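Observations on the three-dimensional arrangement
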Amino acid sequence: MNINHFPTVTVIFRGFSKEQVIIAIEQLEKSKREYAVEITLNSPDAFTTIKAASKKYGKRMWIGAGTVKNLDEAKIAIDSGARFVLSPIALDRETLNYCKNHGVLTVPSGLTPTEVWKLVEDGADIIKIFPAASVAIDYMKALKGPLGDLPLMAVGGINKNNAKAYLMNGAKYLGVGSSLFKKEDIENKNIEGLEQSLREFEEAIY
């Protein structure tokens, strides 16, 4: 595990089947840009999807689990091949330590300065600021003033129109969900539509 190699953008897949996710990952892999892929645990057969994606793409891409809320879920995600775990909450120290001991990168969530700093002290690799759209776009830059150059990931409300602004205002990483690919394109495995959405997103932020 090397945080320095973790991609700037994590693409979040929530609620899709294994086959739908695999088709979308194939489009990401074709890109010249690097992406991490988060498969949320509140998706159908999430662990099966993580296992399949990790087996097929795990050596070339970061495949991880999202919406991980406790140690038991983290253990199953890691056993399924997840290289990183994200959470909408502040994972406890036991879970963070378990992941670290298994070479798995952790991205728990905080919002207030106190929450963020506790996660730093507990050993989180990246701190997810969630929901990012609920605070000012320069909130992460403001956090870094007193707390230092923290590895912050903006998640929640990130899209092609504001992604670059977040990166310019304190976010080192972004988590992008339904705003990147159209839901119907993933569900219908519309490769042309997926390619176009990805191209538009990359043109907007790079």
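Here is a short report on the structure shown in this document. Only a predicted model underlies this, so the values are computations on that prediction, with no experimental measurement involved.

Let us look at helix α4 (residues 93-101). Restricting attention to buried positions, one finds in α4 the residues Thr95, Leu96 and Cys99. When α4 is viewed along its axis, its buried side chains cluster within an angular range of 100° and face the same direction. Seen from the buried face of α4, the exposed residues on the opposite side, beyond 90 degrees, are Glu94 and Asn101. Buried residues along α4 sit in contact with α3 (71-79), β4 (84-86), β5 (105-107) and α5 (113-122). Sitting at the head of α4, Asp92 places a side-chain oxygen 3.3 Å from the backbone nitrogen of Glu94. Once α4 ends, the next one or two residues include Gly103, with phi positive near 70°.

Moving on to the pairing of strand β9 (residues 173-176). Burial of β9 is two-sided: the residues Tyr173 and Gly175 facing one way and the residues Leu174 and Val176 facing the other way are all buried. Strand direction decides the pairing type here: strand β8 (residues 152-155) and β9, joined by three bridges, are parallel. Bridge pairing in β9 places Met153 opposite Tyr173. Following the backbone out of β8, through helix α7 (residues 163-168) and into the adjacent parallel β9, one traces a crossover that is right-handed.

Next up on the list: helix α9 (residues 191-205). What sets the pattern is the α-helix's 3.6 residues per turn: residues three or four places apart point alike. With 15 residues, α9 extends 21 Å from end C-alpha to end C-alpha; this agrees with the ideal 21 Å at 1.5 Å per step. Of the positions making up α9, those classed as buried are Gly193, Leu194, Ser197, Leu198, Phe201, Glu202 and Ile205. Along the axis of α9, the buried positions cluster into a sector of 165°, meaning they face one direction only. Facing away from the buried side of α9 by over 90 degrees, the exposed positions are Glu192 and Glu203. Residues of α9 that are buried make contact with β1 (9-13), α1 (18-30), β2 (35-40), α7, β9 and α8 (183-187). At the N-terminal boundary of α9, the capping side chain belongs to Asn190, with an oxygen 3.3 Å from the backbone nitrogen of Glu192.

A few words on the pattern of salt bridges. Note that side chains of opposite charge can pair when their charged atoms are close. Within this structure, the stated rule accounts for 10 salt bridges. In this structure, Lys100 engages Asp125 in a salt bridge whose closest nitrogen and oxygen atoms are separated by 3.6 Å. One end of the pair, Lys100, is in helix α4; the other, Asp125, is in the loop between α5 and β7 (127-129), and 25 residues separate them in sequence. Across the pair Lys118 and Asp122 runs a salt bridge, and its minimum N-O distance is 2.7 Å. Residue Lys118 and its partner Asp122 are both found in helix α5; the two are separated by four residues, about one turn of the helix.

Remark: α3 packs on α4, axes separated minimally by 9 Å, with the N-to-C direction vectors making an angle of 15°. On the basis of their axis angle, the class for α3 and α4 is roughly parallel. Like other packed secondary-structure pairs, α3 and α4 cross with a definite hand, here right-handed. Listed contacts from α4 to Leu71, Ala74, Lys75 and Ile78 of α3 are Glu94, Thr95, Tyr98 and Cys99. Of the residues that constitute the contact of α3 with α4, the class distribution is five nonpolar, one polar and two charged.

Rules of the game
- Residues numbered from 1 in each chain as written.
- Predicted model: local features only at pLDDT ≥ 70, side-chain atom pairs only at ≥ 80, totals over all residues.
- Heavy atoms only, no water.
- Buried < 20%, exposed > 50% of the residue type's maximum accessible area, 1.4 Å probe, protein only.
- Helix = DSSP H or I, 4+ residues; strand = E, 2+ residues; numbered from the N terminus.
- Arc of directions from axis to C-beta.
- Contact = heavy atoms within 4.5 Å.
- Polar contact = N/O pair within 3.5 Å; in protein donor to acceptor, adjacent residues only side chain to side chain.
- Pairing = 2+ DSSP bridges.
- Right-handed = clockwise from strand over helix to strand, strands pointing away.
- Expected span 1.5 Å × (residues − 1).
- Salt bridge = Lys/Arg side-chain N within 4 Å of Asp/Glu carboxyl O.
- Axes fitted to C-alpha atoms, helices over the stretch in contact; angles between N-to-C directions.
- Parallel < 35°, antiparallel > 145°, perpendicular 65-115°, else oblique.
- Left-handed = near helix turned anticlockwise from the far one by under 90°.
- Nonpolar A, V, L, I, M, F, W, Y, C, P; charged D, E, K, R; others polar.

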